[in-house]
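Take a look at the letters that make up each chain.
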Number of protein chains: 2
Amino acid sequence: MAGLILACDFGGTKLSAAVIEASELDQPGVAWRGHLRRFSPAGATAQTDIAMMMEMGRELLAGERPLAIGISFGGPVDYQSGTVRLSHHVPGWEGVPLQQLFAQAFQAPVRVDNDANVAALGEWRFGAGRGVADLLYVTVSTGVGGGWILDGRPYRGSFGMAGEIGHTVVDPNGPVCLCGKRGCVERLASGPYMAQDVALARGLPANEVTGKLVAEWAKLGEETAVAILERGARGLGLGLGNAANLLNPARIVLGGGVTKSGERWWKWVRQTAQATALPEVTFDIVPAQLEDDAPLWGAVALTE
Amino acid sequence: MAGLILACDFGGTKLSAAVIEASELDQPGVAWRGHLRRFSPAGATAQTDIAMMMEMGRELLAGERPLAIGISFGGPVDYQSGTVRLSHHVPGWEGVPLQQLFAQAFQAPVRVDNDANVAALGEWRFGAGRGVADLLYVTVSTGVGGGWILDGRPYRGSFGMAGEIGHTVVDPNGPVCLCGKRGCVERLASGPYMAQDVALARGLPANEVTGKLVAEWAKLGEETAVAILERGARGLGLGLGNAANLLNPARIVLGGGVTKSGERWWKWVRQTAQATALPEVTFDIVPAQLEDDAPLWGAVALTE
């Protein structure tokens, strides 16, 4: 069918929108017809963010009515009703009926889901997950979160909470996570936690170390950074191996800033994941391809 | 549709078969029309077991051609082709085309799956899992294995290996499992391993302690047995909590001998599972209802 699909991504303080021609989706090298990215200003609320996103959509559509709209939201969403549960970044999002608001404003069918599910769908439909029936997508960034494609369909869980690999426990004697448990994957493998651990071990102010710096120092051979990065990678690998034993996905796709930590990081992750999975439980672990645009591509796939 | 469904369960050395009237499946209190259980003799092979099972089927059907046949097999099965991969108990099972053999012998459509998947399906269709869309079934017995119902359908994984919760790691510094890893759920929570640990700690010959004895001693307050049983229950709870974070099933059903270890065991399992899952990840953990007959009921459901 010819016509435009509008994709929107509410990514915390970053708003992105893009349009694509529906009839071109299965063509090789399919590209956006238009693409906008804006930062929501200090003091933004749900209301101002929604107004800004609608304006971006109107600008991209230039008067055309879209065939469909897909929306990625950076926080928990009730997929059935397309209602936001809450945002950890911006006030006023509790219970906002995003699907209904966009459907009214643009007179088109709308689907809304959280960013991890949407990114998983994007990588599966347009990126590193093409061609497999069962996929786990994990973003390793300021947090660690995941999304599933199972039997060729997004899987969300009974209450929309599936994919919380960041808070699976891989070391009950490990360091304490903000969630109250010890040794969660996120506590070991996320950028801010690794930075915090390196800062503490080296007696540096916490605000002087970032996850990116830990990776750079590790590349230079700084011992504390190497040890913390390896612990994080192996903790993640253990969590992925456990997930593989439970669901037997053919592929695991990893995205997010921490995955830029170099070949050694990937080796630790893959080695530990494979050692944790049973010999018959086979899978590959590959880098995400769509990166920052994964939620937009996934939002497109959400409308199909 | 009126007619008989034949259900078969190759359960290691125990062969079970039963017939049921298809038109009665959704009636309350539906019961078997006939039910047989036989032990395969010492020296049994795949061939002799198959012959014995076919004889049981013919006896139950009394000349009638079945509408369909469902088969549960106690080992890995390729579900698509209905072929057995191998048996750990009886020789000669590698590559046996069970589906094809029964289809030819009984002139009826046949479906075959492994016992954990089939038991999950049975509990979901006829037992403790009725009415939920997403279910994890786990048997805690000589081993620890699981099966999934996701989005109202059995989920098997890309290569039929989903459900291996027994070999997810919950304590990387725990005791060594036969699989080579440390702190697998099965290493902590299965009957034989708990018995081994209690025997070792108390200086008893290994063959004098069983999982059942550990539970009985724990009820009497014997400290070693209490400690080992609690460690097993909490290890299982951690594995279940991790699985809940990953898949967000509405219900977890537990079957197998170890689940008869008393209220305290259930309390430890539930408490640890809930503490491991995020607060928004809610589920209940309930005992299996069909027990020994779960594979037969599941085999019936497999034909639907």
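Up top is the structure.
From a predicted model like this one, the values you see are computed outputs, not experimental measurements.

## Let's talk about the overall build of chain A
(1) Moving on: If you tally the helices and strands in chain A, you get nine helices and twelve strands.
(2) Moving on: Taking 2.2 N^0.38 as the reference for a compact globule, 304 residues should give roughly 19 Å; the C-alpha atoms of chain A span a radius of gyration of 20 Å, in line with that estimate.
(3) Moving on: Seen through its principal axes, chain A has C-alpha atoms that stretch 60 × 45 × 35 Å.
(4) Moving on: Burial statistics for chain A: of 304 residues in total, 53% are counted as buried.

## Re the relation of the copies chain A and chain B
(1) Moving on: Turning chain A through 180 degrees and shifting it by 0.0 Å along the axis lays it on chain B, with an RMSD of 0.0 Å. Accordingly, the operation relating the two chain copies is best matched by a two-fold axis.
(2) Moving on: The fraction of interface residues of chain A whose copies in chain B are also interface residues reaches 100%, indicating that both copies meet through the same surface.

## A short note on the pairing of strand β2 (residues 14–21) of chain A
Across a regular strand the side chains alternate sides, sitting on one face of the sheet and then on the other.
All names here are of chain A.
(1) Moving on: Counted residue by residue, β2 has six buried out of eight residues, so it is predominantly covered.
(2) Moving on: Where strand β1 (residues 4–11) meets β2, eight bridges bridge the pair, whose relative direction is antiparallel. What sits directly across from L6, in β2, is V19.
(3) Moving on: Linkage of β1 to β2, two consecutive antiparallel strands, is achieved through a turn of two residues, within which G12 is found at a positive phi near 75 degrees.
(4) Moving on: Relative to strand β3 (residues 34–39), β2 is paired through six bridges, and the arrangement is antiparallel. Bridging across to β3, V19 finds its partner in G34.

## Re the sheet that holds strand β4 (residues 68–73) of chain A
All names here are of chain A.
(1) Moving on: Strand order across the open sheet formed by five strands is β3-β2-β1-β4-β7, with mixed pairing between neighbours. What marks the edges here is a single partner per strand, and that holds for β3 and β7 (110–114). Within this sheet the neighbouring strands show an average axis-to-axis angle of 15 degrees, counted without direction.
(2) Moving on: Against the sheet, helix α2 (residues 98–106) touches β4 and β7, its axis set at about 150 degrees to β7.
(3) Moving on: Relative to the sheet, helix α9 (residues 294–302) contacts β1, β2, β4 and β7, its axis offset from that of β1 by approximately 130 degrees.

## Brief notes about helix α9 (residues 294–302) of chain B
(1) Moving on: Extensive coverage of α9 of chain B is indicated by the burial of nine of its nine residues.
(2) Moving on: The elements touched by buried residues of α9 of chain B are β1 (4–11), β2 (14–21), β4 (68–73), β7 (110–114), α3 (115–126) and β11 (251–255) of chain B.

Definitions and cut-offs
Counting restarts for each chain: residues are numbered from 1 in the order of the written sequence. For this description, chains carry letters from A and ligands carry numbers from 1, given in the order in which they are written. For this predicted model, a pLDDT threshold of at least 70 governs which residues receive local features, and a threshold of 80 or more governs which side-chain atom pairs are given and counted, while totals over whole chains, interfaces and linings are taken from all residues. Helix and strand assignments come from DSSP, with helices taken as H or I runs of at least 4 residues and strands as E runs of at least 2, each series counted from the N terminus. Our radius of gyration looks at C-alpha atoms and nothing else; its globule reference is 2.2 Å times the residue count to the power 0.38. Burial is judged by counting other C-beta atoms within 10 Å of a residue's own C-beta: 20 or more means buried, 12 or fewer means exposed, and anything between counts as partly exposed, with every C-beta placed from the backbone. Residues reaching a pLDDT of at least 70 in both copies supply the C-alpha atoms on which the copies are superposed by least squares. In this description, a residue-residue contact is defined by the distance between C-beta atoms placed from the backbone, which must lie within 7 Å. Two strands make a pair as long as DSSP finds a minimum of two bridges between them. Here an axis means a line fitted to C-alpha atoms, over the contact stretch when the element is a helix, while the angle between two N-to-C directions is reported on a 0 to 180 degree scale.

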